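# Residue-level structure breakdown
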Amino acid sequence: MSRAVTIDRAGPAYRGHAAYSRGFLLAYDALVYGVNSPLAWRCPLGRLVALYDECASARHIDVGVATGILLDRCTFPSARPSLTLMDLNPNSLAQAGRRLRRYAPRACQASVLDPWPLPPGSAGSVAMCNLIHCLPGSIPDKAVAFRHARTALAPGGVLFGSTILGHGPRHTWLARRELAAANLRGFMSNTRDGLEDLDRALGREFCQHEITIAGSVALFRARR
């Protein structure tokens, strides 16, 4: 599934994904998962892959795919999962699609904040890893993404993911420096993102949810 969209460069969601150029994506895995995740955020790649191993289903939608490294490393419950990649950035969709071509994934270019152009109730799992902290506004503004995910999930389906919180966890000096720089550049918008707001937003949309803190990162899962 592919969908051509007109990207609003003045829109609030643009700055969070505009940095994902082809060149940046070539360095993404080494920079994000080789340096920032283990050192600044204290949530290494293996922790996120384990979350995928536990939660990803045979009918999976991945939102904010970056390079597709998490999907590439995880183990699905089926050898041939039905995989949909959703991202506003065409570079990410292209690179992740190539990396995951063994699964013949469908690509959907769309904003997570707008109604999703996907069949309601069609997914067993939806992942949003390292996405929420890039969206504009505060957690209550971003919570519409959880509502759209709930609509896409079949009964019993699970939403899971990770986000770097602006306040709440204990940040190291390196994490504070990285947060300030990323928010100044517009790569992130999470200075007001806190654990209580995240907990409240998930609780409004899902009957069950849990959040675990790993360093500066909130790992969450919620079941429809």
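The preceding data block contains the structure.
All of the points below concern the structure found in this document. (Residues numbered from 1 in each chain as written. Predicted model: local features only at pLDDT ≥ 70, side-chain atom pairs only at ≥ 80, totals over all residues. Heavy atoms only, no water.)

## Describing the overall build of the protein chain
- Of the regular secondary structure elements, the protein chain holds 9 helices and 7 strands.
- Against the globule reference of 17 Å for 224 residues, the protein chain gives a C-alpha radius of gyration of 16 Å, in line with a compact fold.
- Its C-alpha atoms give the protein chain principal-axis dimensions of roughly 45 × 40 × 35 Å.
- Long-range contacts, defined as pairs at least 24 residues apart, comprise 69% of the intrachain contacts of the protein chain with a sequence gap of at least 6.
- In the structure as shown, the protein chain presents an accessible area of about 10200 Å², 52% of it carried by carbon and sulfur atoms.
- Taking the 27 positively charged and 16 negatively charged side chains of the protein chain as two groups, their mean positions are separated by 4 Å. (Helix = DSSP H or I, 4+ residues; strand = E, 2+ residues; numbered from the N terminus. Rg over C-alpha atoms; globule rule 2.2 N^0.38 Å. Contact = heavy atoms within 4.5 Å. Areas by Shrake-Rupley, 256 points an atom, 1.4 Å probe, with all protein chains shown as cover. Lys, Arg positive; Asp, Glu negative; His and termini not counted. Charge placed at Lys NZ, Arg CZ, Asp CG, Glu CD.)

## Side note on helix H5 (residues 90-99)
- Of all the positions in H5, only Ser92, Leu93, Gln95, Ala96 and Gly97 are classed as buried.
- Looking at the buried side of H5, the elements it contacts are helix H2 (22-40), strand S2 (82-87) and strand S3 (106-109).
- Where H5 begins, the capping side chain belongs to Asn89, and its oxygen is found 2.7 Å from the backbone nitrogen of Asn91. (Buried < 20%, exposed > 50% of the residue type's maximum accessible area, 1.4 Å probe, protein only. Polar contact = N/O pair within 3.5 Å; in protein donor to acceptor, adjacent residues only side chain to side chain.)

## Here we look at unusual backbone geometry
- Positive phi, close to 50°, is recorded for Ala104, a residue that is not glycine.
- Its identity is not glycine, yet Asn130 carries a phi of approximately 55°, on the positive side.
- Note that Asn130 resides in the loop between strand S4 (123-129) and helix H6 (139-142).
- Given the relative accessible area of 16%, Asn130 is considered buried.

## Points about the environment of Arg223
- You can see Arg223 is positioned in strand S7 (residues 217-223).
- Placed 73 residues apart in sequence, Arg223 and Arg150 show a C-alpha to C-alpha distance of 8.6 Å.
- Arg223 has contacts with Gly156, Gly157, Val158, Phe206, Cys207 and Gln208, leaving out every residue within four places of it along the chain.
- From its side chain, Arg223 meets the backbone oxygen of Gly156 in a polar contact 2.6 Å long.

## Observations regarding the sheet that holds strand S1 (residues 59-63)
- Ordered in space as S3-S2-S1-S4-S5-S7-S6, the 7 strands form an open sheet in which the pairing is mixed. The sheet is open, and its two borders are formed by S3 and strand S6 (208-214), each paired with just one other strand. In this sheet, adjacent strand axes meet at a mean angle of 15° when their direction is disregarded.
- The pairing of S1 with S4 spans 3 bridges and is classified as parallel. From the neighbouring strand, Ile61 faces S4, where its bridge partner is Val126.
- Contacts from helix H9 (residues 195-205) reach strand S5 (153-164), S6 and S7, with the element oriented near 155° to S6. (Pairing = 2+ DSSP bridges. Axes fitted to C-alpha atoms, helices over the stretch in contact; angles between N-to-C directions.)

## Observations regarding the environment of Arg185
- With respect to the helices and strands, the residue Arg185 is situated in helix H8 (residues 173-185).
- Assessed through its relative accessible area of 58%, Arg185 is described here as exposed.

## Observations concerning the environment of Asp72
- Relative to the helices and strands, Asp72 is located in helix H4 (residues 69-73).
- The residues touching Asp72, leaving out its near neighbours within four places in the chain, are Arg99, Leu100 and Arg102.
- Within the structure, the side chain of Asp72 is placed 3.3 Å from the side chain of Arg99, a separation counted as a polar contact.
- Only 2.9 Å separates the side chain of Asp72 from the side chain of Arg102, close enough to count as a polar contact.

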